[in-house]
Amino acid sequence: MNEWERLRRQAERYKQQYPPGKRIMLLAMGADPCPVESDMRGTVQCVDDIGTVHCVFDNGRELGLIPGEDRFRGLTESELEEEHITVHEETVDHVMSM
């Protein structure tokens, strides 16, 4: 297998592992001059054909993560449930304060 085919297959694996809408947590960034803070959560927008995982982070930043250079992971089921409960509580609090 040549290098291009290896990279294409790798990008396809990332596309399956991180589909649009998948929630992730950034663990650490590589040598980015203006990094997103560690432990920031975000939502995958897409994975491009070279395997860059493009995300919108909860702090409003949009950035492409490079597997192998940046460290990140998908959120666990319990973390997703926790987010859902927190969003629901914030919505209820907002409605009650109106």
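Our subject is the structure that appears above.
Residues numbered from 1 in each chain as written. Predicted model: local features only at pLDDT ≥ 70, side-chain atom pairs only at ≥ 80, totals over all residues. Heavy atoms only, no water.

### Concerning the pattern of salt bridges
Side chains that differ in charge, positive against negative, can pair when their charged atoms come close. As a reminder of what qualifies: Salt bridges are counted wherever a side-chain nitrogen of Lys or Arg sits within 4 Å of a carboxyl oxygen of Asp or Glu. Runs of E in the DSSP output that reach at least two residues are strands. Runs of H or I that reach at least four are helices, and both are numbered from the N terminus. Each residue's exposure class comes from its accessible area (1.4 Å probe, protein chains only) as a fraction of the maximum for that residue type: buried when under 20%, exposed when over 50%, partly exposed otherwise.
On inspection of all chains with the given rule, the structure shows nine salt bridges. The partner of arginine 6 in a salt bridge is glutamate 3, and the shortest N-O contact between them spans 2.7 Å. Remark: glutamate 3 and arginine 6 occur in helix α1 (residues 3–17); sequence separation between them is three residues, near one turn of the helix. Owing to a relative accessible area of 45%, glutamate 3 belongs among the partly exposed residues under this scheme. When the shortest N-O distance is used, the salt bridge between arginine 8 and glutamate 5 registers 2.7 Å. You can see arginine 8 and its partner glutamate 5 sitting in helix α1, three residues apart, about one turn around the helix. For glutamate 5, a relative accessible area of 24% corresponds to the partly exposed category. Through salt bridges that share partners, Arg23, Arg41, Asp58 and Glu83 make up one connected network.

### Structural notes on the sheet that holds strand β3 (residues 53–57)
To be explicit about the condition: Strands are treated as partners if at least two bridges between them are detected by DSSP. Orientation is described by axes fitted as lines to C-alpha atoms, over the contacting stretch for helices, and by angles from 0 to 180 degrees between their N-to-C directions.
In space, the five strands of this open sheet follow the order β4-β3-β2-β1-β5, with antiparallel pairing throughout. Here the strands that pair on one side only, and so sit at the sheet edges, are β4 (62–65) and β5 (71–74). This sheet shows a mean twist of 40° between the axes of neighbouring strands, independent of strand direction. Strand direction decides the pairing type here: strand β1 (residues 23–28) and β5, joined by four bridges, are antiparallel. Paired with methionine 25 across the two strands is arginine 73, which belongs to β5.

### Points about the nonpolar core
For clarity, the cut-off: To qualify as a nonpolar core, a set must consist of buried Ala, Val, Leu, Ile, Met, Phe, Trp, Tyr and Cys residues joined through side-chain atoms within 4.5 Å.
Ranked by size, the top nonpolar core spans 15 residues in total, and within it Tyr18, Ile24, Val53, Phe57 and Leu65 carry the most contacts. For this core, the secondary structure elements donating two or more residues are β1, β2 (41–47), β3 and β4. For this core, the element with the highest residue contribution is β3, accounting for three residues.

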